[in-house]
Amino acid sequence: MKIGYIGLGKMGKNMVLHLLEQGVEIVAWNRSPQPREEVAAVGAITCETIEELISKLETPRIVWLMLPAGEVTDQIIDEVLPLLEPEDLLIDGANSFYKDTLKRNEKITAKKVHFMDIGVSGGPNGARNGACLMIGGLKEDYEKIKGLVKLISSPDAYGYFGPIGAGHFAKMVHNGIEYGMMEAIGEGLAVLKASPFDLNLSEIFRVYNNKSVIESRLVGWTEEALREEPELSEYSSKIGHTGEGEWTINTAQELGVDVPVLKDSFKVRLESENVDENSANSFRNKSISAMRGKFGGHSVKKN
């Protein structure tokens, strides 16, 4: 199997490395050269231009985009589309807003090119060792790439959810839920720290993460951060956000669904830069930053 891959950021590069190990032939392009050099060193075919990448693929081509959501994705699609032929398949694996995906589908399919949206979860580590995939597009296209999907994902960590946009919609809601879960963990941790007992927080989270109702990867990552640094003093109390939580809240409002937990968790992030560094709320926020750093490789330490 041979596919084109555009975008070698922390997710894209790790996915390419994982696919190379599975025996997939990769033709890759990235705007900056260093990631190209890294994947070339382990067997990828790299290109100086997108035109060169397309020329090295046999029809019908499969081209996977792993780019920042929004304008960058649109720019690259506009550059790639004229180079593709009918029956080629373009896949957007980034965290794109599902309404943007629907608009792009109209433009892409007008050229007789097929289009799929695949939301990817698991962070850089998941991309490197087996991710979770949420897939939308034509069922016939899904069947064609199912073998590739199995190679990218962890066992059973993938699903086809329906027509174009369904994958990105599912990933958007996934990330909204993530906001709420992280906020709940951070709030509980802050209460534990403020208790009248001299509690070993990492030990409590170790127990939480062994067959309790709240056992989860997020709890495990929190335990890991606490073991490394019990006071989380190196983490920023300003919590970053990348858009998907707000997309979920706005979409819920359009659909008439009340989502108070998601709204409050997003509000905490917006207001986090104003939190007193010495307050209990600062520790709450730092724990959320620590989780973001553990699973997503986000920049979460103090400046």
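The structure this text deals with has already been given above.
A.B. asks: What am I meant to see in the packing of aromatic side chains here?
C.D. replies: The relation between two aromatic rings is expressed through the spacing of the ring centres and the mutual angle of the planes. This model, assessed by the stated rule, comprises 8 aromatic pairs. When the ring of Phe97 is compared with that of Tyr98, the centres are 5.2 Å apart and the planes differ by 75°; the resulting orientation is edge-to-face. This pair shows no difference in class: Phe97 is buried, exactly as Tyr98 is. Pairing Trp221 with Phe295 gives two aromatic rings, centres 5.7 Å apart and planes at 40°, and the pair type is tilted.

A.B. asks: Can you walk me through the sheet that holds strand β5 (residues 89-92) in this structure?
C.D. replies: Backbone hydrogen bonds are what pair the strands of a sheet, in a parallel or an antiparallel way. With mixed pairing, the 8 strands of this open sheet are ordered in space as β3-β2-β1-β4-β5-β6-β7-β8. Across the chains shown, the open sheet's two edge strands, defined by having one partner strand only, are β3 (45-46) and β8 (153-162). When strand β4 (residues 62-65) meets β5, the two strands line up parallel, connected through 4 bridges. Bridged to Trp64 within β5 is Ile91.

A.B. asks: I tried to follow the pattern of salt bridges on my own but got confused; where do I start?
C.D. replies: Note that side chains of opposite charge can pair when their charged atoms are close. Scanning all chains against the criterion turns up 21 salt bridges. Notably, a salt bridge pairs Arg61 with Glu85, separated by 3.4 Å at the nearest N-O pair. Pair noted here: Arg61 is in the loop between α3 (50-55) and β4 and Glu85 is in the loop between α4 (71-80) and β5, with a separation of 24 residues, a long-range link. Using a relative accessible area of 38% as the deciding quantity, one classes Glu85 as partly exposed. One salt bridge in this structure joins Glu183 and Arg284, with 4.0 Å as the shortest N-O distance. Of the two residues, Glu183 is situated in helix α8 (residues 166-193) and Arg284 in helix α13 (residues 280-296); the sequence distance between them amounts to 101 residues.

A.B. asks: Explain the environment of Lys144 here, please?
C.D. replies: Locating Lys144 in the fold gives a position in helix α7 (residues 139-152). With 130 residues separating them in the primary sequence, Lys144 and Asn274 have C-alpha atoms 50 Å apart.

A.B. asks: Please clarify how unusual backbone geometry should be interpreted in this entry.
C.D. replies: Peptide bonds are, in most cases, trans, and in most cases residues other than glycine have a negative phi. A cis amide bond links Thr59 to the next residue, Pro60, at an omega of -10°. Counting through the fold element by element, Pro60 comes out in the loop between α3 and β4. Its identity is not glycine, yet Glu87 carries a phi of approximately 80°, on the positive side. Structurally, Glu87 is set in the loop between α4 and β5. A relative accessible area of 45% places Glu87 in the partly exposed class. A positive phi angle is found at Lys211, which is not glycine, with a value near 70°. In this fold, Lys211 is placed in the loop between α9 (201-208) and α10 (217-228). Taking relative accessible area as the criterion, Lys211 reaches 75% and is therefore assigned exposed.

The rules behind the values
Residues numbered from 1 in each chain as written. Predicted model: local features only at pLDDT ≥ 70, side-chain atom pairs only at ≥ 80, totals over all residues. Heavy atoms only, no water. Phe/Tyr/Trp six-rings, centres within 6.5 Å; stacked < 30°, edge-to-face > 60°. Buried < 20%, exposed > 50% of the residue type's maximum accessible area, 1.4 Å probe, protein only. Pairing = 2+ DSSP bridges. Helix = DSSP H or I, 4+ residues; strand = E, 2+ residues; numbered from the N terminus. Salt bridge = Lys/Arg side-chain N within 4 Å of Asp/Glu carboxyl O.

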